[in-house]
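Structural characterization, general
Residue strings, one per chain:
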Amino acid sequence: MSIADQALTEEMASRRDMIVCRGVKKWFGDFQALAGVDITVKDREVMVVLGPSGSGKSTLIRCINRLEVHQEGEIVVDGVEMTNDMRNIEKIRSEVGMVFQQFNLFPHLTVLDNITLAPIWVRKRARVEAEAKAMELLERVGIPEQANKFPGQLSGGQQQRVAIARSLAMEPKIMLFDEPTSALDPEMISEVLDVMKDLARGGMTMIVVTHEMGFAREVADRLVFMESGDVVEVGTPEHFFTNPTEERTKLFLSQIL
Amino acid sequence: MSEVTLPAAQRAPEAESVSPGRWVRENLFSSVSNVIQTVFFSLVLLGLLRWVLGQIFSEEANWTSVATNMRLLFTYNYPTEQFVRIWFAAGALFLAVGASFAAWNLNPMVTVRRIGVAVVGTGAVSLVVALISPDTTPSAVRTGFLAVGIGLVVLALAVLKVVPEPHRRQVPFIGMLAGVAVLVCGVLWFFPFGDYGFADGAPTAESGTIDSSTSLPVTVMFLIMIGTYLAGRALARVIDLGWLRRTMIGWWVIGPAFVVFLVLRDPEFDWGYVLAVDVPMGAAFAVGGAVLLYLLAKPSRSDLARVIGALLVALALFHWVAAFFGWYPMLQKARFSFALVAVAVLLAPTFAGERAARLRFAGGWFGFMVLFHWLLTGINTPSTLDIAAPPFLGGFVLTVSIAYYVMLASFPLGVLLSLARTSKMPIFRVLATTYIEVVRGVPLITVLFFFSIMLPLFLPGGMGISDLAAVFAGYTVFSAAYMAENIRGGLQSVRRGQYEAADALGLTTVQRTAFIVLPQALRVSIPNLVGQAIATFKETSLIAIVGGFDLLRIANSTIPNQPDFLGQKRPALFFISLVYFVVAYSMSRASRNLEERLQEGQAR
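Residues numbered from 1 in each chain as written. Chains lettered and ligands numbered in written order. Predicted model: local features only at pLDDT ≥ 70, side-chain atom pairs only at ≥ 80, totals over all residues. Heavy atoms only, no water.

A sheet is described by the order of its strands in space; here 4 strands give the open sequence β2-β1-β4-β5 (chain A), paired in antiparallel fashion. A strand with exactly one partner marks an edge of an open sheet, and here the two such strands are β2 (31-42) and β5 (80-81) of chain A. (Pairing = 2+ DSSP bridges. Helix = DSSP H or I, 4+ residues; strand = E, 2+ residues; numbered from the N terminus.)

Let's shift gears to the packing of helix α4 (residues 111-121) of chain A against helix α6 (residues 156-168) of chain A. Residues and elements named next belong to chain A. Here α4 crosses α6 at 25 degrees, and the two axes come no closer than 8 Å. As the angle between them shows, α4 and α6 are arranged roughly parallel. Here α4 runs over α6; the crossing is right-handed. When α4 is examined against α6, the residues Val111, Asn114 and Ile115 are found in contact with a partner set consisting of Val162, Ala165 and Arg166. Classifying every residue of the contact of α4 with α6 gives 4 nonpolar, 1 polar and 1 charged. (Axes fitted to C-alpha atoms, helices over the stretch in contact; angles between N-to-C directions. Parallel < 35°, antiparallel > 145°, perpendicular 65-115°, else oblique. Left-handed = near helix turned anticlockwise from the far one by under 90°. Contact = heavy atoms within 4.5 Å. Nonpolar A, V, L, I, M, F, W, Y, C, P; charged D, E, K, R; others polar.)

Another point: the packing of aromatic side chains. On inspection of all chains with the given rule, the structure shows 17 aromatic pairs over all chains. Ring centres 5.3 Å apart and planes at 65 degrees place the aromatic pair B:Phe173 and B:Tyr229 in the edge-to-face group. Taken together, the positions of B:Phe173 in helix α8 (residues 173-190) and B:Tyr229 in helix α9 (residues 212-236) put the pair 56 residues apart, joining distant regions of the chain. Comparing B:Phe173 with B:Tyr229, the two get one shared label, buried. An aromatic cluster of three or more residues is present, and its members are B:Phe101, B:Phe173 and B:Tyr229. Taking the ring centre of A:Phe28 as reference, the NZ or CZ of A:Lys26 above it sits at 4.6 Å. Between B:Arg553 and the ring centre of B:Phe549, over which it is positioned, the NZ or CZ distance is 4.2 Å. (Phe/Tyr/Trp six-rings, centres within 6.5 Å; stacked < 30°, edge-to-face > 60°. Buried < 20%, exposed > 50% of the residue type's maximum accessible area, 1.4 Å probe, protein only. Lys NZ or Arg CZ within 6 Å of the ring centre and 35° of its normal.)

Residues and elements named next belong to chain B. Packing of helix α21 (residues 551-558) against helix α22 (residues 570-598) brings their axes to within 9 Å, and their N-to-C directions diverge by 170 degrees. Here α22 runs roughly antiparallel to α21, going by the angle between their axes. Packed against α21, whose contacting residues are Leu551, Leu552, Ala555 and Asn556, the element α22 presents Ala572, Leu573, Ile576, Val579 and Tyr580 at the interface.

Before going further, it helps to examine the sheet that holds strand β10 (residues 230-235) of chain A. All names here are of chain A. Read across the sheet, 6 strands follow the order β6-β7-β8-β3-β9-β10 without closing on themselves; strand pairing throughout is mixed. The sheet is open, and its two edges are formed by β6 (96-99) and β10, each paired on a single side. This sheet shows a mean twist of 20 degrees between the axes of neighbouring strands, independent of strand direction. Direction of pairing for β6 relative to strand β7 (residues 174-178): parallel, over a ladder of 4 bridges. By the bridge assignment for β7, valine 96 is matched with isoleucine 174.

As a general feature of sheets, a regular strand has side chains that alternate between the two faces. Sheet analysis places strand β1 (residues 17-28) of chain A next to β2(A), joined by 9 bridges and oriented antiparallel. Residue pairing in the sheet places A:Val20 in a bridge with A:Thr40 of β2(A).

Moving on, we come to helix α7 (residues 139-162) of chain B. All names here are of chain B. With 24 residues, α7 extends 34 Å between its outermost C-alpha atoms, agreeing within 8% with the 34 Å of an ideal straight helix rising 1.5 Å per residue. Of the residues making up α7, those classed as buried are Gly149, Val153 and Ala156. Contacts from the buried residues of α7 go to α6 (112-132). (Expected span 1.5 Å × (residues − 1).)

All names here are of chain A. For phenylalanine 103, which is not a glycine, the phi torsion comes out positive at approximately 65 degrees. Along the chain, phenylalanine 103 turns up in the loop between β6 and α4. By relative accessible area, phenylalanine 103 is classed as buried at 11%.

Right, let's get into the interface of chain A and chain B. Residue-level contacts link 25 residues of chain A with 28 residues of chain B. Of the roughly 2,300 Å² buried between chain A and chain B, counting both surfaces, carbon and sulfur atoms make up 61%. The largest contributions to the chain A side of the interface with chain B come from A:His108, A:Trp121 and A:Lys124, which together make up 29% of the buried area. Between chain A and chain B we count 2 salt bridges in total. In this structure, the salt-bridge partner of B:Glu500 is A:Arg62, at a minimum N-O distance of 2.6 Å. Along the contact surface separating chain A from chain B lie 5 residue pairs in polar contact (both at pLDDT 80 or more). Elements with a contribution of two residues or more to the side of chain A that touches chain B: α3 (86-95), β6, α4 and α6 of chain A. Of all the elements, α4(A) adds the most residues to the side of chain A that touches chain B, at 3 residues. Class assignment of the residues belonging to the side of chain A that touches chain B gives a composition of 13 nonpolar, 6 polar and 6 charged. (Buried area = accessible area lost by both parts, 1.4 Å probe. Salt bridge = Lys/Arg side-chain N within 4 Å of Asp/Glu carboxyl O. Polar contact = N/O pair within 3.5 Å; in protein donor to acceptor, adjacent residues only side chain to side chain.)

So, in structure tokens, the structure goes:
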């Protein structure tokens, strides 16, 4: 069994492939960030990617929505291959939502405008409909009263929740999270993680790059450990935290647990 | 859960108001070196002031040269019988200003105390002037300044004592508007400036107040502005402010052209030509274009729209080449309209959508075409874009008109240039960089010469360009290059994460630039852009070299050449420096207000 399909339960193995990466390699100049990555993410799966800094985890998920361009290998998202064709890229991006470490909210727009901008101009929804959906999403993430404020007036945890709502407004099939809580103060981390757990329970396909082990243990279907651009080990949470196979994995876990 | 009592919220302690005496002691005389510096610089400043006052009040300075030529300075040779047009134009301007104030709900927080302090300061300056002006000053002037100074100081101090809590009470905006109006009109109606003018080629002078043919219309202007402001505020409770703001923006972009070309200029319509050629052509482009855009704005037809748009652009370019070689005749207006259709079709995919959105897009095009053709027809030249400068546009009106149009036109051009320069596509980058570097490397006067003298030689037969159009084009080309660099600075300040977030949401490049990147870039560039605008306003004085009669030329050559005021430059130059300063400073302050408003709630 290839490393990509490791640790899949029978039930999960029967699900559709949402993201397939085969032999993905990427260089930044002379530095190799991804050295042949093979990964399969199934429908409704929550995959958590761990690893030391510089291991290529952020690069990998940024390749999935073409914020970075991979040089070798192939990436297939929900049956659409990622090539240089702009139409494929646009199709993929409309199905994949991303949440950034630095939130990246638009500071000159109110929270409501932040969330409704893309649905109105990309999905061509009517403003009234988009705003109703936005208020629904704000309630789901717990901050409906902030709708008319500017991002600069919100706390970090609130901003990240708005960022999640903004991505959800496009009704994506897959959500990518690039260290969503790394820039937050400790007391705000849990409010964001709660939203993510809620999303996972609702059946969203998620790839989460994070250092939050509690979250990984509780919610992840599979964990992926990367180092120096390689996928070292793939396993279920129980396997990972109780009895990892690889030496490098054991070393990493001993440093952070 | 146990109740937790929190301490009652405390108010921040009030900042101590510092008495003037204490402020002076602490800031000006606190140490030996401070004392020396205060004394030294005070002497220098007072000496400078005394010299300036000496220039203003000396006996050689003949201020009648300015007073008599007021009309000349402001409107040059506009025939007096048609002055009602000038006042109509000014009225339209004041109306728009009042409506804009109302639409954007301008309400700067000014306390009674700040106004009181400003008035005391003005009074103090007046007293200083009265005390240190040199002996050549007529005693009437000296006592006048003394009286005004004492009066202002006493009045202000009395008001500050009487009004309770002056540092808290806010003066509403309408109060300030009314105050300014009363001040200006009061001075115009009651101050004994004297009545100066020309009669039969000789200057006349009468004592008394300014002629009511000036004071009355100005009073009416202010009443219009205040009335519009009040009406606007009342209306704001009922109608959607957003609609009012968009209307005002539309007015400020199009209105001045309407005012200058249709009101101030007396068009001699050739109705036959208008009905036979202009109206059908305008209708064809408006209706045909609207139908085409409506059909192409369907999301499923995006690719088709792009293809057709590219074809139209190629065709539009071909027209210009054909014109250059004279292959077939085509009206200038048609060539421009064609190019505009091409641009609109290229934009159709971005504005594609459901039926309502498509109707709005097509409707917008229709309205725009109607307006465009109406304005051009108003200038009424059959085959060329010939914005003829009537010989009676000059002076302050000319300066302001040119400056306004140049700022209006060079801004979008500057935005496009800066986007091209930072584009990933090499052709745009190379073209834009060449343009910007060439234009920046050349003095403004050279650009003006090129457009007004050399360009007409290059144009194909049948195409002409009037003086005013040439000057306008030259200034715009020049100013756009500088604006582009300013905006590029702003573009570089937008964080990469913003681009990534926009891409991740699926926004196209055009949408990302228009909605995310440009708003943030422009906010940062405002101080530089306004500085550029102020420079443009002052550079309009170079029109003199290519034959225009702007404010500076009139003050510098026309007035000193009049037989009654031979060689008297200084009073007129002093006066126009004041005019330039007032306008430039207003722009500066407006830009600061704008920046403050844009920062609301956006602290990074």
